[in-house]
Amino acid sequence: MPQFDTQFFSSLLFWEWVSFGVLLFLLYKYAFPGILKALDERGQKIRENIEAAERSRAEAERRLAEYEARMKAAQKEAEEVVAQAKVRAQHLMEENERQMSAEAERIKAGAVREIEQERRQAIEDVRRYASELGLRIAEKVLERSLTDADHQRLADEALTAVAKDLEKT
Amino acid sequence: MESNPLHPFELHSYVPLSLFGLDISLNKAVIMMWVVIALASWLLYMAGRQRRLVPTRLQSVAEVLVEFIRSMILDTMGEQGMRFFPFVATLFVFILFCNLLGLIPGTYTVTSQIVVTAAFALFVYGLSIVVGFALHGLKFLQILIPPGTPLWLFPLMVPIEIVSQLARPLSLAVRLFANMTAGHTILAVLFGMALSLPIFLGWLPFVFTIAINGLEVAIAGIQAYIFTILTCVYLGDAITLHGHAEGAH
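Reading the values: rules and limits
- Residues numbered from 1 in each chain as written.
- Chains lettered and ligands numbered in written order.
- Predicted model: local features only at pLDDT ≥ 70, side-chain atom pairs only at ≥ 80, totals over all residues.
- Heavy atoms only, no water.
- Helix = DSSP H or I, 4+ residues; strand = E, 2+ residues; numbered from the N terminus.
- Buried < 20%, exposed > 50% of the residue type's maximum accessible area, 1.4 Å probe, protein only.
- Areas by Shrake-Rupley, 256 points an atom, 1.4 Å probe, with all protein chains shown as cover.
- Contact = heavy atoms within 4.5 Å.
- Buried area = accessible area lost by both parts, 1.4 Å probe.
- Salt bridge = Lys/Arg side-chain N within 4 Å of Asp/Glu carboxyl O.
- Polar contact = N/O pair within 3.5 Å; in protein donor to acceptor, adjacent residues only side chain to side chain.
- Nonpolar A, V, L, I, M, F, W, Y, C, P; charged D, E, K, R; others polar.
- Axes fitted to C-alpha atoms, helices over the stretch in contact; angles between N-to-C directions.
- Parallel < 35°, antiparallel > 145°, perpendicular 65-115°, else oblique.
- Phe/Tyr/Trp six-rings, centres within 6.5 Å; stacked < 30°, edge-to-face > 60°.
- Core = buried A, V, L, I, M, F, W, Y, C linked by side-chain atoms within 4.5 Å.
- Patch = residues over 30% accessible without salt bridge, like charges linked within 9 Å, V, L, I, M, F, W, Y side chains within 5 Å.
- pLDDT = per-residue confidence, 0-100.

### Side note on the overall build of chain B
Working step 1: When helices and strands are counted, chain B shows six helices and two strands.
Working step 2: Going from the N terminus to the C terminus, chain B shows its helices and strands as β-β-α-α-α-α-α-α.
Working step 3: When burial is assessed residue by residue, chain B has 47% of its 249 residues classed as buried.
Working step 4: Working note: accessible area of chain B is about 12,100 Å², and carbon and sulfur atoms make up 75% of it.

Shown next, in the form of C-alpha cells:
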C-alpha cells in the first residue's frame, strides 16, 4: 500500500502538525469566539424575550382579573341601584297613596265639618230669626209691654213651638 | 484510469524541502492540508464575524457545528471539558474537511494516510493520559479497574484493561485510515470496471460509483464524528475517572 511508504512520513507528520497548529490558532483566535459569542448572545436574547413575555402575560392576566372584578363590582352596584330604585318607587307610591287617601279623608272630614257647621249656623239663624219674629209678633199681638221675664218665657214658648214645627218638617 | 486501485493514494514530492535534515518536501497531501486549513478557517471566520441574531446560512451551519461539538463535550466530559473545546473542535473540523475535500475527484484524502491518523490518535491518547495523571495523580491507575470489579478478579481485569487501553490509539488510527482508504479503493475499483467493461455492462458499476460517492459523503462525516466523540470519551475518562465509557474498537 502506498500509505506505508515511509518516505513521506516525516513530511506528512511535520506538515500535519504545522497545519493543525495553524488551524487551531486561527480558529481559536478568530472563529470560535465569534460563533460562541453569537450563540450566547442569542441564548441570552431568547431567555430575556421569554422572561419579558412571561412578565407581559402575568401583567395581562392581572389586568384582566382586575377588570373582571371591577366589572363584577359595577354590575353588582347597578343591581343594587335598580333594587334601591324599586324600593324607593314602591315607597313613593305607597307614600303617595297614603297621602292622597289622607288628603281625601281630610277633605271629606272638612266637608262634613263644614256641612255640620252650616247646619248649626242655619239652625241658629232660624232660631234667632224665629225668636225675633215671634217676639215682634207677640209685641204686636199684645200691644203691651211685658217684663223681661215675660219676654223670655213667651219667646221660649214660641221658639219651642217653632222648633217643633221645624223638626217636623 | 489506472488499473491499480491504490494509485490514488500514491504521493510524489513536488518541491523537495528539508528542515534540519528532516525531509519536509511538499506533496499533494501537504497541499491538501493547506487547502483544508485555508478553507476551514476562512469559512468559520466569515461565520463567526457576522454574529447576527437571525443567522445567515453560513452562520447557521457554523453554529450547528459548534453547538454539536459543545454538546458532545458536555455529554462526555461535563462543564470542565470545555477547556478542550478549541482542540476538539479543531480536530473535528480538520478531519471533516480532510475527509470531505478528499472526495472531490483529483484531490487527495489526507486522512487516508495512516501516519496522519496515527499521529492524531497517539496525541489524543497521550493527552488523555497526561490529563488523567495531572488531575488524579497515581489514582488515575484506577482506570485499569472497572467499577464493581471484585478483588479476586483484579489479576485478570488489569491485563485486559491494559490491552483495552493500548487498543484505543490503535483502533482510533486504523478506523479512520481504513474507512477513508476503503471508500476510495472501492470507487477506484468500480471506475476501473466501468471503464474496462463494454458499455452495456459498464454502466452498472458506474451507477454504483454514484451511489457509493453519496455513501462516502456520509462516511466522511460519520468518521470525523466518531474520531471526535472517542477523543471526548477518552478525555472524559481521564477527567472523571469513573464511568469508564468504552468506545467501539
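That shown, we press on.
### Comments concerning the interface of chain A and chain B
Working step 1: Across the contact, 36 residues belong to chain A and 53 residues belong to chain B.
Working step 2: Here chain A meets chain B over a buried area of about 4,000 Å², counting both sides, of which 77% is carbon and sulfur.
Working step 3: Summed over the shared surface of chain A and chain B, the number is two salt bridges.
Working step 4: The interface formed by chain A and chain B includes one residue pair in polar contact (both at pLDDT 80 or more).
Working step 5: Of the residues contributing to the side of chain A that touches chain B, the split by class is 24 nonpolar, six polar and six charged.

### Here's the deal with the packing of helix H5 (residues 154–196) of chain B against helix H6 (residues 199–240) of chain B
How two helices sit against one another is set out by the angle between their axes and by the gap between those axes.
Residue and element names in this part refer to chain B.
Working step 1: Interhelical geometry of H5 versus H6 gives an angle of 170° and a closest axis separation of 9 Å. The orientation of H5 with respect to H6, classified from their angle, is roughly antiparallel.
Working step 2: Residues belonging to the contact of H5 with H6 are distributed by class as follows: 19 nonpolar, eight polar and four charged.

### So, the pattern of salt bridges
Working step 1: A full pass over the atoms with the stated rule returns 16 salt bridges over all chains.
Working step 2: Of the charged contacts, one joins Arg 62 of chain A and Glu 66 of chain A as a salt bridge, the two residues approaching to 3.2 Å between their closest N and O atoms. Of this pair, Arg 62 of chain A and Glu 66 of chain A both sit in helix H1 (residues 9–142), four residues apart, roughly one helical turn.
Working step 3: On the basis of relative accessible area, Arg 62 of chain A is assigned to the partly exposed category, the value being 45%.
Working step 4: Across the pair Arg 70 of chain B and Glu 67 of chain B runs a salt bridge whose closest N-O atoms are separated by 3.3 Å. You can see Arg 70 of chain B and its partner Glu 67 of chain B sitting in helix H2 (residues 57–77), three residues apart, about one turn around the helix.
Working step 5: Judged by relative accessible area, which is 32%, Glu 67 of chain B ranks as partly exposed.
Working step 6: A single network of salt bridges, built from pairs that share partners, joins Glu 59, Arg 62, Arg 63, Glu 66 and Arg 70 of chain A.

### Concerning the packing of aromatic side chains
Working step 1: A full pass over the atoms with the stated rule returns 16 aromatic pairs over all chains.
Working step 2: Between the aromatic rings of Trp 17 of chain A and Phe 120 of chain B, the centroid separation amounts to 5.8 Å while the plane-to-plane angle is 85°, which identifies the pairing as edge-to-face. Residue Trp 17 of chain A is found in helix H1, and its partner Phe 120 of chain B is found in helix H4 (residues 114–136); the two belong to separate chains.
Working step 3: Here Trp 17 of chain A falls in the partly exposed class, since its relative accessible area comes to 31%.

### Comments concerning the nonpolar core
Working step 1: Judged by nonpolar contacts, the single largest core of 73 residues is most densely connected at Val 88, Phe 94 and Phe 227 of chain B.
Working step 2: Of all elements in the fold, only H1 of chain A together with helix H1 (28–50), H2, helix H3 (85–101), H4, H5 and H6 of chain B reach the threshold of two or more residues within this core.
Working step 3: Among the elements that take part in this core, H3 of chain B stands out by supplying 13 residues, more than any other.

### Quick look at a nonpolar patch on the surface
Working step 1: A contiguous nonpolar patch, built from Tyr 14, Val 15, Leu 17, Ile 31, Trp 34, Val 35, Leu 39 and Trp 42 of chain B and spanning about 700 Å² of accessible area, is present on the exposed surface.
Working step 2: Looking at where Leu 17 of chain B falls in the secondary structure, it is placed in the segment before strand S1 (18–19).

### Some words on the confidence of the model for chain B
Working step 1: Residues at a pLDDT of 70 or more form 96% of chain B, whose mean pLDDT is 83.
Working step 2: Note that residues 244–249 of chain B has pLDDT below 50 and, in this model, 19 contacts with residues that lie over four places away or in other chains.

### With respect to the packing of H1 of chain A against H1 of chain B
Working step 1: It is the contact of H1 of chain A with H1 of chain B, at a shortest axis distance of 8 Å, that shows an interaxial angle of 5°. For the element pair H1 of chain A / H1 of chain B, the angle class is roughly parallel.
Working step 2: By residue class, the composition of the contact of H1 of chain A with H1 of chain B is 18 nonpolar, five polar and one charged.

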